[in-house]
Amino acid sequence: MAFLGRAARRVVSTVRPPLSPLCRTTARSYSSEYTKEKSVPYEKTLKKEDGASSGPTKPLPRSADVVVIGGGSLGCQTIYHLAKMGMTNVVLLERDRLTAGTTWHTAGLLWQLRPSDVEVELLAHTRNVISKDLEEETGLHTGWIENGGLFIASNKQRLDEYKRLMSLGKVYGIESHVLSPAETKDLYPLMNVDDLYGTLYVPKDGTMDPAGTCTTLTRAASARGATVIENCPVTGIQVRADDFGVKRVKAVETAHGTIETPCVVNCAGVWATKLGAMAGVKVPLVAMHHAYVVTERIEGIQNMPNVRDHDASVYLRLQGDALSVGGYEHNPIFWDEVSDDFAFSLFDLDWDVFAQHIEGAINRVPNLEQTGIKSTVCGPESFTADHKPLMGEAPEVRGFFLGCGFNSAGMMLGGGCGRELAHWIIHGRPEKDMYGYDIRRFHNSLTDNTSWIRERSHESYAKNYSVVFPFDEPLASRNMRKDPFHQVLTEQGCVFQERHGWERPGWFNKDDPAPLKDYDYYGAYDIKKNGNYKYNELLGKEYTFDFPPHHDVIKSECLTCRHGVAVFDMSYFGKFYLTGPDAKKAADWLFTADVNKKPGSTVYTCMLNKKGGTEADLTVSRLEPGAANLPLAPQSNGDAYYLAIGGGVAEHNWNHIRTTLQDQGFHCQLTDHSEDMGMISIQGPKSREVLQEVLDTDLNNEAFAFSTHKVVNAAGHQVRAMRLSFVGELGWELHIPKDSCLPVYHAVMAAGAKHGIINSGYRAIDSLSIEKGYRHWHADLRPDDTPLESGLGFTCKLKSSIPFQGRERLEKQKEEGLRRRIVCFTIDEKVPMFGLEAVFRNGTPVGHLRRSDYGFFVDKTIGYGYIRNPDGGVVSADFIKSGEFTLERMGVTYKAKAHLKSLFDPENKRVKGIYA
């Protein structure tokens with residue numbers, strides 16, 4: 001019999017052979033002391049004993065409203081929720097039997113607490129479906145076991161992370177307890193607690209059974225009229241072009257017939273890339289080996305909670321009177337040649353790769369050293385560039401939806417994501433803010449870049465159990481998109497952030513430059529680890545829940561902008577032109593504000609979805625008609641608009657506009673010039689003095705008013721100048737053709753030298769903007785927030801009769817009153833907050849912070865969060881003024897003051913150039 005302790009010692013004492021090539025797909029030969037048994041630890045699987053396929057289990061219908069492809073967790077959850085929402089002419093096609101791909105061998109763990117409010121809500125729904133709803137609907141038990149979960153902390157930072165989760169959990173009513181080492185020992189007597197700092201115990205976490213869950217889901221769906229067909233591989237996806245040339249799903253082909261359908265859902269797991277290719281859809285995921293071992297019986301382990309020891313990168317799942325032991329290693333094996341015939345199959349376990357988990361497991365539960373290994377479970381799983389799923393409608397083909405790339409969390413997230421996917425299909429958008437999972441979060445230039453997908457997926461896998469720090473940045477696949485200022489800013493000490501593939505300035509290190517290097521896979525696969533890596537060294541100093549060492553550097557950047565002048569490189573912004581015969585109609589419908597003012601005007605506005613949620617905030621500039629002067633002006637004989645959009649969400653915005661134009665039948669052209677122009681923003685009380693030396697136009701208030709723009713000359717180069725501010729100061733943006741970027745930048749810096757001009761980054765923008773009360777999309781402004789709830793009602797043309805998307809919802813909300821609204825909070829203590837802190841009113845949880853930062857001018861920690869009335873009533877100004885508020889940060893409560901107006905310059909004098 002193989003013992004865990006002996007296996008670990010044997011591998012550690014062996015000289016490891018080279019691990020190249022990177023994508024080794026076959027296991028080596030091992031001595032007979034390693035178990036050869038490969039089997040999952042479940043009493044029941046859905047594998048057919050004779051292994052023979054007898055053709056489809058049911059006749060194929062000629063047509064369906066939706067065809068879900070893939071009978072794993074996501075496919076079963078999606079068809080169940082579609083049927084539950086009333087869509088019954090739906091079909092699920094599975095190439096083999098349900099769960100055959102990756103679901104059948106999953107560990108099936110469910111942890112309720114995550115560092116994301118949306119994920120907490122998704123997990124809560126999965127838990128309700130598995131533990132309650134399905135049993136009530138069908139009378140069948142899904143196999144749910146509520147044995148609790150225990151997170152292990154070996155240091156203060158890890159325990160701080162858990163305390164953050166605990167505070168967020170209070171908002172959602174999730175019971176959790178921070179335990180001392182002694183209390184942990186009482187709960188889990190077999191555990192070694194000598195090296196523990198503490199633990200987080202969540203009593204109602206548990207485990208799921210793959211076969212029991214998927215069988216019950218499909219029975220419930222079938223009872224509502226859905227059709228589930230097994231043993232029916234898909235061989236093709238038919239796509240048609242409509243009258244506008246838009247590609248749309250037409251049909252699904254199989255060897256046994258074709259199903260006409262306008263909608264396909266790709267829930268094919270590691271096979272999702274191949275399925276996407278059938279329709280011309282890019283699916284950016286990779287397949288890797290992912291493993292755990294199942295032990296023999298362990299005396300005294302019964303009824304113990306599941307354990308996640310993040311610092312050892314290992315989990316221990318209770319399996320009756322045994323444990324399953326697995327984790328995430330730094331050198332996972334890629335499965336490049338994904339086999340179409342791989343069903344209910346497992347790989348041989350590579351002990352060289354897996355041994356690191358055994359060491360961590362034995363340290364945590366010493367009894368494991370003399371415990372036998374009953375079987376190994378090494379199967380394929382799909383992984384993505386940011387360790388988040390791929391969901392939503394594919395940009396390439398209308399009606400082709402993704403529900404794949406779940407990073408071995410498909411069971412855990414399946415219920416919540418299945419419901420959101422069903423809502424997306426039926427209503428055109430999900431109920432929750434699913435941007436973090438939406439395929440449109442990735443720029444189209446990255447989704448078929450195999451190097452980017454591979455490197456990022458590796459890093460996300462290797463760091464899956466790392467502490468989630470607020471300002472972490474990836475090291476993999478950097479410098480994918482660089483603006484014209486990149487090199488000169490690098491030389492000046494810029495510490496870049498990555499957004500949407502772009503490198504944007506984060507802050508400026510006053511010591512040495514910190515250039516980015518090629519990815520070293522953290523030294524795995526015999527790749528030499530990067531040495532003397534300044535950027536990585538600075539990033540490591542960010543790994544704290546306190547103020548970082550360079551807090552004062554960011555303070556200096558902020559206060560220089562407030563008192564003098566600073567330059568911000570914002571070139572990563574999306575820069576689109578909207579033109580064509582129906583451009584005005586489209587602008588009226590798309591934008592909440594009236595953007596049809598005279599040419600030369602610039603308007604801050606929102607774009608909404610059908611439910612009134614905010615899909616974007618942006619500026620729209622009305623252009624003069626005329627001949628093309630690209631990239632500064634498009635050809636236009638009529639209405640034309642220039643859209644400037646936050647670069648991190650440009651792909652999302654592009655697709656929202658494009659699909660809205662298609663759905664409404666507007667005859668317009670949307671063109672992307674993001675790569676053709678750079679953009680710098682010069683902000684602060686001295687910005688006018690600096691720019692008056694550079695631009696050939698009068699910059700006084702009468703000649704160049706706030707919220708206007710014009711094409712001017714800057715140091716001999718044409719640029720589009722806009723008088724706008726993202727930080728609440730007097731300032732201008734210069735939108736510059738890329739070949740002119742450096743000459744204009746150097747001219748601005750030369751003119752500003754006598755005024756003490758500095759470069760500044762997005763860490764300063766974050767602080768300055770929260771001080772002013774400006775929103776950041778996908779932080780304090782999301783697709784599930786309306787402009788009225790978020791304090792942006794002023795952007796909505798509700799006093800006009802002009803219809804716009806989402807207007808009906810806003811009018812109804814205005815009439816009924818707001819049930820939730822954003823509120824600004826400050827505390828007196830000098831402690832950092834980052835978002836997710838719980839908000840209490842008179843001792844009752846009413847919400848959590850979405851976004852928080854330190855405001856250096858007001859010298860306070862500032863947070864913005866949405867609050868509700870616990871009674872379900874209207875959240876009025878009186879409700880806010882009459883309450884006593886506290887914020888809970890990592891289990892510690894702080895008295896907070898609620899504000900209904902901007903903390904900084906509430907009368908907006910400074911953006912108008914009025915300084916006391």
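Nothing here was measured: the structure is a model prediction, and the numbers come from that model.

## Structural notes on the overall build of the chain
Of the regular secondary structure elements, the chain holds 20 helices and 38 strands. For the chain, the C-alpha radius of gyration of 28 Å lies close to 29 Å, the compact-globule estimate for 916 residues. Over its C-alpha atoms, taken along the principal directions, the chain stretches across nearly 85 × 65 × 60 Å. Classification of the 916 residues of the chain by burial places 62% in the buried group. Expressed as a percentage of contacts within the chain between residues at least 6 apart in sequence, the contacts between residues at least 24 apart total 74%. Entry remark: accessible area of the chain is about 33500 Å², with carbon and sulfur atoms responsible for 48%.

## Examining the sheet that holds strand E37 (residues 885-889)
Taken in spatial order, the six strands of this closed barrel run E33-E36-E35-E34-E37-E38, and their pairing is antiparallel. Pairwise comparison of adjacent strand axes, ignoring direction, gives a mean angle of 40 degrees for this sheet. Where helix H4 (residues 156-171) meets the sheet, it contacts strand E34 (838-841), strand E35 (844-855) and E37, and its direction lies at approximately 135 degrees from that of E35.

## Structural notes on the packing of helix H2 (residues 73-84) against helix H9 (residues 410-427)
Look at H2 against H9: their axes get within 8 Å of each other, and the N-to-C directions meet at 45 degrees. Put simply, H2 runs oblique to H9. In terms of crossing hand, the pair formed by H2 and H9 is right-handed. Residues Ser 73, Leu 74, Gln 77, Thr 78, His 81 and Leu 82 of H2 form the contact with H9, whose own contacting residues are Gly 410, Met 411, Gly 414, Gly 415, Cys 417, Gly 418, Arg 419, Leu 421, Ala 422, Ile 425 and Ile 426. Residues that form the contact of H2 with H9 fall into these classes: eight nonpolar, eight polar and one charged.

## Some points on helix H3 (residues 117-138)
Spanning 22 residues, H3 covers 30 Å between terminal C-alpha atoms, matching the ideal 32 Å at 1.5 Å per step. Along H3, the sharpest change in direction is near 45 degrees and occurs at Val 129. The first or second residue beyond H3 is Gly 139, which carries a positive phi of 80 degrees.

## Brief notes about the packing of H3 against H9
Two elements in contact, H3 and H9, have axes whose closest approach is 7 Å; the angle formed by their N-to-C orientations is 100 degrees. Taken together, the axes of H3 and H9 lie roughly perpendicular to each other. Touching Leu 122, Leu 123, His 125 and Thr 126 of H3 are Met 411, Met 412, Leu 413, Gly 414, Gly 415, Gly 416, Cys 417, Arg 419 and Glu 420, all from H9. In terms of residue class, the contact of H3 with H9 is made up of six nonpolar, five polar and two charged.

## Digging into the packing of aromatic side chains
One pass over the full model with this rule turns up 34 aromatic pairs. Taking 4.8 Å as the distance between ring centres and 80 degrees as the angle between the ring planes, the aromatic pair formed by Phe 383 and Tyr 461 counts as edge-to-face. Of this pair, Phe 383 sits in strand E17 (residues 373-383) while Tyr 461 is found in helix H10 (residues 450-462), placing the two residues 78 residues apart along the sequence. By the burial criterion, Phe 383 is buried, and Tyr 461 matches it. What links up through ring pairs into an aromatic cluster is the set Phe 334, Tyr 519, Tyr 521, Tyr 522 and Tyr 525. Taking the ring centre of Phe 334 as reference, the NZ or CZ of Arg 454 above it sits at 4.0 Å. Against the face of Phe 879 rests Arg 841, its NZ or CZ located 3.8 Å from the ring centre.

## Some points on the pairing of strand E24 (residues 602-608)
One face of the sheet, then the other: side chains in a regular strand alternate in exactly this way. Across the seven residues that make up E24, a large majority, six, are buried. Sheet topology note: the E24/strand E25 (residues 614-622) ladder contains seven bridges and is antiparallel. Paired with Thr 605 across the two strands is Leu 618, which belongs to E25. What sits between E24 and E25 in their antiparallel hairpin is a turn of five residues, with Gly 612 showing a positive phi close to 85 degrees.

## A look at unusual backbone geometry
Here the residue pair Leu 630 and Pro 631 is connected by a cis peptide bond, since its omega of 5 degrees sits within 30 degrees of zero. Of note, Phe 344 is a non-glycine position whose phi angle comes to about 45 degrees, a positive value. Along the chain, Phe 344 turns up in the loop between strand E16 (322-327) and helix H8 (351-364). Despite not being glycine, Ser 408 shows a phi value in the positive range, around 65 degrees.

## Side note on the pairing of strand E38 (residues 892-899)
Note: strand E33 (residues 820-827) against E38, three bridges, orientation antiparallel. Counterpart to Phe 825 in the pairing with E38 is Ala 898. Hairpin connection of E37 to E38: two residues between the antiparallel strands, including Met 890 at a positive phi of 55 degrees.

## Topic: the confidence of the model for the chain
For the chain, the mean per-residue pLDDT works out to 95, and 96% of the residues sit at or above 70. Considering only residues more than four positions removed or in separate chains, one finds that residues 12-33, a stretch of pLDDT under 50, has 42 contacts.

## Re the nonpolar core
Note on soluble globular proteins: their nonpolar side chains tend to be buried together. In terms of nonpolar packing, the biggest core is built from 214 residues, with Tyr 188, Phe 400, Leu 734 and Val 748 touching the most fellow members. Considering each element in turn, this core owes the most residues, eight residues, to H9. In contact with Val 748, other than residues within four places in its own chain, are Val 567, Ile 680, Ile 682, Val 690, Leu 691, Val 694, Leu 734 and Ile 757. Within the second largest apolar cluster, 37 residues are counted, among which are Trp 654, Phe 666, Trp 777 and Cys 796.

## Concerning the side chain of Arg 364
Among the structural elements, Arg 364 can be located in helix H8. Within the structure, the side chain of Arg 364 is placed 2.8 Å from the side chain of Asp 309, a separation counted as a polar contact. Those residues within four positions of Arg 364 in sequence are excluded, and the remaining contacts are Ile 152, Ser 154, Leu 190, Met 191, Asn 192, Asp 195, Leu 196, Asp 309 and Leu 316.

## Description of the pattern of salt bridges
For side chains bearing opposite charge, pairing can occur when the charged atoms are close. Going through the model one piece at a time under the given rule, you end up with 52 salt bridges. The residue Arg 782 makes a salt bridge to Asp 433 at a minimum N-O spacing of 3.3 Å. With Arg 782 in the loop between helix H18 (762-772) and helix H19 (807-816) and Asp 433 in the loop between H9 and H10, the pair connects residues that are 349 residues apart, well separated along the chain. Across the pair, Asp 433 and Arg 782 agree in class, each one buried.

Cut-offs used in this document
Numbers given for residues are sequential positions, taken from 1 along each chain in its written order. Where totals are concerned, whole chains, interfaces and linings use all residues; where local detail is concerned, this predicted model gives features only for residues with pLDDT of at least 70, and gives and counts side-chain atom pairs only at 80 or more. Working from all heavy atoms in the structure, the side-chain values ignore hydrogens and water. Helix and strand definitions follow DSSP, with helices as H or I runs of at least four residues and strands as E runs of at least two, each counted in order from the N terminus. To get the radius of gyration, use the C-alpha atoms; to get the globule rule, take the number of residues to the power 0.38 and multiply by 2.2 Å. Throughout this description, buried means an accessible area under 20% of the type-specific maximum (1.4 Å probe, protein chains only), exposed means over 50%, and partly exposed covers the range between. Any two residues whose heavy atoms approach within 4.5 Å at even a single point are treated as in contact. We get accessible surface area from the Shrake-Rupley algorithm with a probe of 1.4 Å; when it comes to residues, only the shown protein chains can shield them. Pairing between two strands requires that DSSP report at least two bridges joining them. For every element, the axis is a line fit to its C-alpha atoms; helices are fit only across the contacting stretch, and the angle between N-to-C directions ranges from 0 to 180 degrees. Just so you know how the angles are binned, under 35 degrees is roughly parallel, over 145 roughly antiparallel, 65 to 115 roughly perpendicular, and the rest oblique. For any pair of crossing helices, the crossing counts as left-handed if the nearer helix is rotated counterclockwise from the farther one by less than a right angle, and right-handed if it is rotated clockwise. Three categories are distinguished: nonpolar for Ala, Val, Leu, Ile, Met, Phe, Trp, Tyr, Cys and Pro, charged for Asp, Glu, Lys and Arg, and polar for the others, with Gly belonging to the last. Here a helix's expected span is defined as the number of its residues, less one, multiplied by 1.5 Å. Here the bend at each residue means the angle between axes fitted to two seven-residue stretches, the one ending at that residue and the one beginning there. For Phe, Tyr and Trp, where Trp contributes only its six-membered ring, two rings pair if their centres lie within 6.5 Å, and the inter-plane angle classes them as stacked under 30 degrees, edge-to-face over 60, or tilted in between. Whether a charge lies above a ring is judged from NZ of Lys or CZ of Arg, which has to be within 6 Å of the ring centre and within 35 degrees of the ring normal. The pLDDT value tells you how sure the predictor is about a given residue, anywhere from 0 up to 100. Within this scheme, the nonpolar core is defined by two criteria: the residues are buried Ala, Val, Leu, Ile, Met, Phe, Trp, Tyr or Cys, and they are joined through side-chain atoms within 4.5 Å. Here a polar contact is recorded for every N or O atom pair within 3.5 Å, except that within protein the pair must consist of a potential hydrogen donor and a potential acceptor, and residues adjacent in sequence are included only if both atoms are side-chain atoms. Salt bridge, as used here, is a side-chain nitrogen of Lys or Arg placed within 4 Å of a carboxyl oxygen of Asp or Glu.

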